[in-house]
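Here's the letter readout for the chains.
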Amino acid sequence: MKHHIEELLRHALQGLKATGALPADAAVAVEVERGRAREHGDFASNVALTLAKQARVKPRELAQKIVQALPASEKVAKVEVAGPGFINFFLSPAAFFGVVPAVLAAGESYGRSAVGAGAPVQVEFVSANPTGPLHVGHGRGAAYGATVANLLDAVGFKVHREYYINDAGRQMDILAASVWLRYLELCGEQLVFPSNGYKGDYIYDIGAALHRESGDQFRHPAAAVFRDIPPDEPQGGDKERHIDALIERAKGLLGPAAYRRVFDLGLKIILADIRQDLEEFGVVYDQWFSERSLIENGAADRAIERVKASGHVYEKDGALWFRSTDYGDEKDRVVVRENGQKTYFAHDIAYHMDKLERGFDRVIDIWGADHHGYVPRVKAALAAIGDDPGRLDVLLVQFAILYKGGERAQMSTRSGEFVTLRELRREVGNDAARFFYVLRKCEQHMDFDLDLAKSQSADNPVYYVQYAHARIHSVFRQLKEKGWSHDRANGERHVTRLMEPHEMALMTQLLRYPETVETAALAHEPHQLAHFLRELAHDFHTYYNTHTFLVEDADLRDARLCLIAAARQAIANGLTLLGVSAPESM
RNA sequence: GCGCCCGUAGCUCAGUCGGAUAGAGCACCAGCCUUCUAAGCUGGGGGUCACAGGUUCGAUUCCUGUCGGGCGCGCCA
């Protein structure tokens, strides 16, 4: 509908250019928005205000000319010039009534569109280090990313959902060492666990799995493990040097093959856990992309070569540096360390190179806001190797702070004292978690009130929306109990009877649904859809309270049932995009 | 210190590319169940859009500065 109004305006402006009322080269950016107040109509445009200067006419005068040049449309009942020069459009009743059969005919596809034109888009999200279970911070990225992907899919993009597995690097070595040490304890060795190791209970579980699988095969005396290892922090040493030495000792004592078995077992178990966690949360990927594969198949080397070939590199202190400051980064970055190892950044260049080579029109990365400083260097690298950094969008998701009984919940993976996503899901349910996570725009810090999310009350927006859906089902159950049935065709013939203000409001909201999905998708803002659904539910609840649907007059009854069936469809479609269930009864 | 994000009602937050009288939910107050689920509805009070300048027909929105909060500034990932 919005696009229809925009089209009418464009026609009018073309006409005015043809007659010379507007300069032929006037920049035409037609803006149409929903009128805020009723008296401002259903749609309003400020084109006359923005073009007045170029046309050298007073805004109101220009607005009048535009209105006269507007082509007739059966969907528009009235057009007015108002205020300083706004053009207000009032839709005809036909435009409202049409939405009911339109929704019912479209069914699950109502709100879907083709603006994306099948363009391939990749959405990479969560991508948490496989060093432990997902915590509640990852949950927001998961819900947000999954919903952005769903929205893009709904408006016609070909969406590829991907998880980048950080299965290389020091953190994973720390995990492997942590697992091995817990395993040694289970073998009966007495040792002091490193302060910088992973201390969560799940490490014992993996150690136990290793022991079940391999018995004492990887056992070494604690004395041999800790011989000549530099002291840990509590003993006055450096915790980083301590853990690094333990990693080297593990590799030495176990040998490459056995070390790899320990390493891979930890990776496998944790990854399986993450995967299951996300699946239960309704988050499913097309691809799990391994960082290690970039090293093993030479992509990382190839990336380094391309950066070198760009000339934006130099050697310093034995390391290879990428001069990212050439592209506006605040300092240069190491890509190959003094010890010959490539940095995480080097792998990330290779990964993004690979993404673009795979032919995505747009690549969307969803990162935690703590990685914001990382954006310029990745874009710089893409620019240096001749790729277009404009194809990469990085969306930063702020942390969610959990409140429980008014108190903040602390989280830190290393110490093992964190609230996991799984715990959150168990506590508030998947639906509330998915809904709450996308209720705020991503760059907003979010206070996640666990007590509210879990409360089965009117305060809880997710129940409010779901209840509207369930209530409509309930009406149809009542219909049967009264021995009636719904004649949809008859209802559609009599939609013109739906003249009550509540009915008009509900139809207006239904008309807005496709616009909302499109706007939310293109702006990557799921919260717009969440807020829309609450409003739609409100429009239904007020209607429900004011009018009886199951009236004796069959024509009116059928028409009303068509309307609420359409509302039910729109709510269900919207909730599905959010990954929230639409229950038939509550 | 530098960089990024944020600051809107008592609380949590919307506010589309600069537009018309700044909105919603919660909380608070007053009402509504012989009627399709009261997990609902109706009405009411509540604002220096952090502060100070600037840009213009017009600023919550754009620019500069100040204050306050979060995050980042490794040859970690």
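Think of each chain on its own: its residues are numbered from 1, step by step along the sequence as written. Chain letters and ligand numbers both follow the written order, the letters beginning at A and the numbers at 1. The predicted origin of the model limits local features to residues at a pLDDT of at least 70 and limits the giving and counting of side-chain atom pairs to 80 or more, whereas totals for whole chains, interfaces and linings rest on all residues. Hydrogens and water molecules were not included; the side-chain quantities draw on all heavy atoms of the structure.

Q: Please clarify how the nonpolar core should be interpreted in this entry.
A: A general feature of soluble globular proteins is that nonpolar side chains tend to end up buried together. Membership of the largest hydrophobic core comes to 160 residues, with the highest contact counts inside it found for Ile-66, Tyr-163, Trp-180, Leu-278, Leu-424 and Tyr-437. Helix and strand definitions follow DSSP, with helices as H or I runs of at least four residues and strands as E runs of at least two, each counted in order from the N terminus. A per-element tally of this core places helix α10 (residues 239-280) first, with 16 residues. The contact definition used throughout considers only heavy atoms, calling two residues in contact when any of these lie within 4.5 Å. If we ignore the near neighbours within four places in the chain, the residues touching Tyr-163 are Phe-125, Val-126, Ser-127, Ala-128, Leu-134, Ile-274, Leu-278, Tyr-285, Gln-287, Trp-288 and Phe-289. Residues belong to a common nonpolar core when they are buried Ala, Val, Leu, Ile, Met, Phe, Trp, Tyr or Cys residues joined through side-chain atoms within 4.5 Å. Under the scheme applied here, a residue whose accessible area is under 20% of the maximum for its type counts as buried, over 50% as exposed, and between as partly exposed, the area being computed with a 1.4 Å probe on protein chains only. Ranked by size, the runner-up nonpolar core spans 33 residues in total, among them Leu-294, Val-307, Met-353 and Leu-382.

Q: Looking at this structure, how should I read the confidence of the model for chain A?
A: As a note on interpretation, predicted positions should not be read in detail where pLDDT is low. Confidence scores per residue from the predictor, reported as pLDDT, run from 0 to 100. Scored by pLDDT, chain A comes out at a mean of 91, with 97% of its residues at no less than 70. Scored as a whole, the predicted complex attains pTM 0.94, and scored at its interfaces, ipTM 0.94.

Q: How should the packing of helix α21 (residues 526-546) against helix α22 (residues 554-578) be read in this particular structure?
A: Any two packed helices are characterised by the angle at which their axes cross and by the distance between the axes. Relative orientation of the contacting elements α21 and α22 amounts to 155°, with a least axis distance of 10 Å. Here α21 is positioned roughly antiparallel relative to α22, judged by the angle of their axes. In this structure, α21 meets α22 at a crossing whose hand is left-handed. Residues Pro-526, Leu-529, Ala-530, Leu-533, Leu-536, Phe-540 and Tyr-543 of α21 form the contact with α22, whose own contacting residues are Arg-560, Leu-563, Ile-564, Ala-567, Ala-570, Ile-571, Gly-574, Leu-575, Leu-577 and Leu-578. Residue composition of the contact of α21 with α22, grouped by class: 15 nonpolar, one polar and one charged. Only the stretch in contact is used when a helix axis is fitted, and all axes are lines through C-alpha atoms; the angle between N-to-C directions ranges over 0 to 180 degrees. Reported orientations rely on four angle classes, namely roughly parallel under 35 degrees, roughly antiparallel over 145, roughly perpendicular from 65 to 115, and oblique for the rest. Definitions for this section: a left-handed crossing has its near helix turned counterclockwise from the far helix by less than a right angle. A right-handed crossing has that turn clockwise. The residue classification treats Ala, Val, Leu, Ile, Met, Phe, Trp, Tyr, Cys and Pro as nonpolar and Asp, Glu, Lys and Arg as charged. All others, Gly included, are polar.

Q: For this particular structure, what's the right way to read the packing of aromatic side chains?
A: For any pair of aromatic rings, the description consists of the separation of the ring centres together with the inter-plane angle of the planes. In this analysis, rings of Phe, Tyr and Trp, with Trp reduced to its six-membered ring, are considered paired at centre separations within 6.5 Å, and the interplanar angle assigns stacked below 30 degrees, edge-to-face beyond 60, and tilted for intermediate values. Following the criterion strictly, the structure yields 24 aromatic pairs and no others. Relative to Tyr-351, the ring of Phe-289 has its centre 4.7 Å away and its plane inclined at 40°; by these criteria the two rings are tilted. Note that Phe-289 is positioned in strand β7 (residues 287-290) and Tyr-351 in helix α13 (residues 344-357), a separation of 62 residues in sequence. This pair shows no difference in class: Phe-289 is buried, exactly as Tyr-351 is. Sitting over a ring, as applied to charges here, requires NZ of Lys or CZ of Arg to be within 6 Å of the ring centre and within 35 degrees of the ring normal. The ring of Trp-321 carries Lys-316 above its face, with NZ or CZ at 4.5 Å from the centroid. One cation-aromatic arrangement involves Arg-434 over Phe-281; the distance from NZ or CZ to the ring centre is 5.5 Å.

Q: Explain the pattern of salt bridges to me, please; I cannot follow it from the model alone.
A: Side-chain pairs of opposite charge can arise whenever the charged atoms involved come near each other. A carboxyl oxygen of Asp or Glu within 4 Å of a side-chain nitrogen of Lys or Arg is what we treat as a salt bridge. Inspection of every chain in the model, using the stated rule, returns 34 salt bridges. A salt bridge links Glu-80 to Lys-78, with the nearest nitrogen and oxygen atoms 3.3 Å apart. Residue class for Glu-80 comes out partly exposed when judged on its relative accessible area of 28%. Note that Arg-260 and Glu-296 form a salt bridge whose closest N and O atoms lie 3.4 Å from each other. Of this pair, Arg-260 sits in helix α10 while Glu-296 sits in helix α11 (residues 291-296), and the two are 36 residues apart along the sequence.

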